[in-house]
Amino acid sequence: MSEVIATYRLPGAKGSFEKKAEGIALGLTVGSWTDLPQLEQEQLLKFKGRVASINEEAGEGVGEISIAYPGRNYSNDLPAILTTVFGKLSLDGQVKLINLEFSDDLNRHYPGPRYGIEGIRELAGVKDRPLLMSIFKGVIGRDLAYMEDQLRAQARGGVDLVKDDEILFDNPLTPFYERVKNGRRILDEVQQETGKRTLYAVNLTGRTSELREKARRARELGADALLFNVFSYSLDVLQELREDENIGLPLMAHPAFAGAVAQAPHHGVAYSLWLGKFLRMTGADFSLFPSPYGSVALEKDQVLAISRELTDEPSPFKKTFPVPSAGIHPGLVPHLMEDFGEGCVINAGGGVHGHPGGAESGGLAFRQAIEAVKAGIPLEEVQGEELRVALSLWSKGGKG
Ligand SMILES: CSCCC(=O)C(=O)COP(=O)(O)O
Ligand SMILES: [Mg+2]
């Protein structure tokens, strides 16, 4: 039967959860604060939520309640489903949505990533190591020539991808379409020099009604991929971009604004859903999230839960690349590869541009660190000058 099963974590004393569960099951479906006439209750029974499970011992003074919501109550789209399972309830005190399971018949209507990890590896030409991504930094208020120089340096350093910073919007100095065209030209030139292809994820911004046309035009102009601030828009907008066959580009989901919904320990939505399951099912090829040891850190169990949702099998969806980020420098590469293996994207802005030798050296330092970890060589024993300088600047495993 079509249904979603929502699991909530909320405070309460033992013995109090059954009543709470029934209240949620009723209140978010057919009920209200007043009792309905008997006849109506019988008519509405097939629309009533069902208490699927109660765990009164999920933690100290905390329980977990799972409620099944019949598919006939909502259209199969995330706006309707999120409103059903956590619309009014999200306003009702300490309660956190920690999981949402979709029946197979509902799941199959979501697109998942168009490329996924394997498809992105094909595009990047990288099979057997984590991908390395750098980030434009300090380009607000600068012109296209400045960006071109920064892009060239990053690409010469051997990074596989470069992304716009999420705070770079369409602007007169570096307009979106010009960034796309220049990016293609510069990266073609560097590929001629080095033989290596670097992909550029340009930040797709502006009003929602403009996004699809801008994305289609970007593809025509040769864009490699699109960075997208999903949570300033919505998951459904991401899904619309994914499902547009005239766009067809890799989609890189940025977590900006995600904390507004997921950060609070006893409210909102779990990060594993918000940056994991929901992004994978709606079509993100990459999901960026704060690493456990960077400058904007999440708890390790939260981050690993995000990564599991992005990559676990079996799944009806291709895998989404986990992209642990924020405050990442070459000394952290062993931690990243220990926690995420080779199936991740190592993402750094300051850790590349902050290298004393400049962005090119920053990229080389990361590449040397990745190769060392693959070979089982301690970073301190690596001969690479760029890595040695980076390690002396940023203590291994410390914060940047
Ligand atoms: C918070 S996850 C996305 C990280 C990000 O957008 C960024 O610009 C990281 O820059 P950094 O200099 O910390 O590598
Ligand atoms: Mg950023």
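In the annotation of an unreviewed UniProt entry, the chain is listed under the name 2,3-diketo-5-methylthiopentyl-1-phosphate enolase and assigned to Rossellomorea marisflavi. Listed in UniProt under the heading Subunit (unreviewed entry), the comment for the chain reads: "Homodimer."

Novice: Residues and numbers for the overall build of the chain, please.
Specialist: Summing up its helical and strand segments, the chain has 16 helices and 13 strands in all. Here the C-alpha radius of gyration of the chain, 23 Å, is about what a compact globule of 400 residues would show, namely 21 Å. Along the three orthogonal principal directions, the C-alpha set of the chain runs to about 80 × 45 × 35 Å. Looking at the chain as a whole, 53% of its 400 residues qualify as buried. Counting only contacts in the chain whose residues sit at least 6 apart along the sequence, the fraction spanning at least 24 positions is 73%.

Novice: Outline the site of ligand 1, listing residues and values.
Specialist: Inspection of the region around ligand 1 gives 15 residues, with Lys137, His254, Gly327, Gly349 and Gly350 positioned closest. At 2.8 Å, a backbone N or O of glycine 327 approaches an oxygen atom of ligand 1. At a separation of 2.7 Å, an oxygen atom of ligand 1 approaches a polar backbone atom of glycine 350. Split into classes, the residues belonging to the shell around ligand 1 amount to six nonpolar, five polar and four charged.

Novice: Before we move on, can you summarise the sheet that holds strand 3 (residues 62-70) with the specific residues and values?
Specialist: One open sheet accounts for five strands, arranged 2-3-1-4-10; its pairing is mixed. Edge strands, defined here as strands with exactly one partner in the open sheet, are strand 2 (50-59) and strand 10 (267-269). Neighbour-to-neighbour, the strand axes of this sheet turn through a mean angle of 20°, independent of strand direction. Taken together, the nine bridges between strand 1 (residues 3-11) and strand 3 define a ladder with antiparallel strand orientation. Within strand 3, the position partnered with leucine 10 by the bridge is glycine 63. Relative to strand 3, helix 1 (residues 17-27) is tilted by about 30°, and along the sheet it contacts strand 1, strand 2 and strand 3.

Novice: Describe the coordination of the magnesium ion (ligand 2), naming the residues involved and giving the relevant values.
Specialist: For the magnesium ion (ligand 2), every protein donor is listed as Asp165 (OD) and Glu166 (OE), and the spread of their distances is 2.0 Å. Comparing aspartate 165 with glutamate 166 shows no difference in burial state: the two are buried.

Novice: Can you tell me about the side chain of arginine 114, naming the residues and giving the values?
Specialist: Position of arginine 114 relative to the elements: it lies in the loop between helix 4 (104-107) and helix 5 (116-124). Here arginine 242 takes part through its backbone oxygen, which lies 3.0 Å from a polar atom of the side chain of arginine 114. When residues no more than four places from it in sequence are discounted, the contact partners of arginine 114 are Arg242, Asp244, Glu245, Gly248, Gly283, Asp285 and Lys318.

Novice: Got a sec to walk through the nonpolar core? Specific residues and values, please.
Specialist: With 96 residues, the main nonpolar core has Tyr8, Tyr69, Val85, Phe102 and Leu226 as its most contacted residues. No other element matches helix 11 (residues 271-282), which puts seven residues into this core. Both of domain 1 (3-107) and domain 2 (116-394) provide at least three residues apiece to this core. The next biggest cluster of nonpolar side chains, apart from the first, holds 17 residues, and it includes Val126, Leu199, Leu288 and Val345.

Novice: Account for the sheet that holds strand 5 (residues 131-135), with residues named and values stated.
Specialist: Paired through backbone hydrogen bonds, the strands of a sheet run either parallel or antiparallel to each other. The strand order across the open sheet built from eight strands is 12-11-9-8-7-6-5-13, with neighbouring strands paired in parallel fashion. Of all strands in the sheet, those with a lone pairing partner are strand 12 (321-325) and strand 13 (345-348), marking the two edges. Between one strand axis and the next, the sheet turns by 25° as a mean value, whatever way the strands run. In the packing of helix 6 (residues 144-156) onto the sheet, the strands contacted are strand 5, strand 6 (161-163) and strand 7 (199-203), and the crossing angle to strand 5 comes to about 160°. Strands strand 7 and strand 8 (225-228) of the sheet are contacted by helix 7 (residues 176-194), whose axis makes an angle of about 175° with strand 7.

Novice: Pulling in residues and values, what's your account of the UniProt feature "domain: Ribulose bisphosphate carboxylase large subunit C-terminal" (unreviewed entry) in the chain?
Specialist: Residues given the UniProt feature "domain: Ribulose bisphosphate carboxylase large subunit C-terminal" (unreviewed entry) here are residues 117-394. The span residues 117-394 is 46% helix and 13% strand, and its two end C-alpha atoms sit 30 Å from each other.

Scoring rules and cut-offs
- In this numbering scheme, every chain counts its residues from 1 along its sequence in written order.
- Note on labels: chains are lettered from A, ligands numbered from 1, in written order.
- Where local features are concerned, this predicted model is filtered to residues with pLDDT of at least 70; where side-chain atom pairs are given and counted, the filter is 80 or more; whole-chain, interface and lining totals use all residues.
- Only hydrogens and water are set aside when side-chain values are computed; all heavy atoms of the structure are taken into account.
- UniProt positions are given in the numbering used here, feature names are shortened, and annotations may be inferred rather than shown by experiment.
- Numbering goes from the N terminus for both helices and strands, where a helix is a DSSP run of H or I of at least four residues and a strand is a run of E of at least two.
- Radius of gyration: C-alpha atoms only; globule rule: 2.2 Å multiplied by the number of residues to the exponent 0.38.
- In this scheme, a residue with accessible area under 20% of its type's maximum is buried, one over 50% is exposed, and one in between is partly exposed, where area comes from a 1.4 Å probe on protein chains only.
- Only heavy atoms matter for contacts: two residues are in contact if any of them lie within 4.5 Å across the pair.
- Working definition: residue near molecule or strand if any one of its non-hydrogen atoms lies within 4 Å of it.
- Polar contact criterion, stated in full: a pair of N or O atoms within 3.5 Å, where within protein one must be able to donate a hydrogen and the other to accept it, and residues adjacent in sequence count only if both atoms are side-chain atoms.
- Charged residues are taken to be Asp, Glu, Lys and Arg, nonpolar residues to be Ala, Val, Leu, Ile, Met, Phe, Trp, Tyr, Cys and Pro, and polar residues to be all remaining types, Gly included.
- The rule for pairing is simple: two strands pair if DSSP sees at least two bridges between them.
- Whenever a helix is involved, its axis is fitted only over the stretch in contact; in every case the axis is a line through C-alpha atoms, and angles between N-to-C directions fall within 0 to 180 degrees.
- Shown as donors are all N, O and S atoms within 2.8 Å of a metal ion, widened to 3.2 Å for Na, K and Ca; because water is not in the atom set, sites may appear incomplete.
- In this text, buried Ala, Val, Leu, Ile, Met, Phe, Trp, Tyr and Cys residues form a nonpolar core when linked through side-chain atoms within 4.5 Å.
- For every domain, the bounds stem from an assignment made automatically or drawn from a database.

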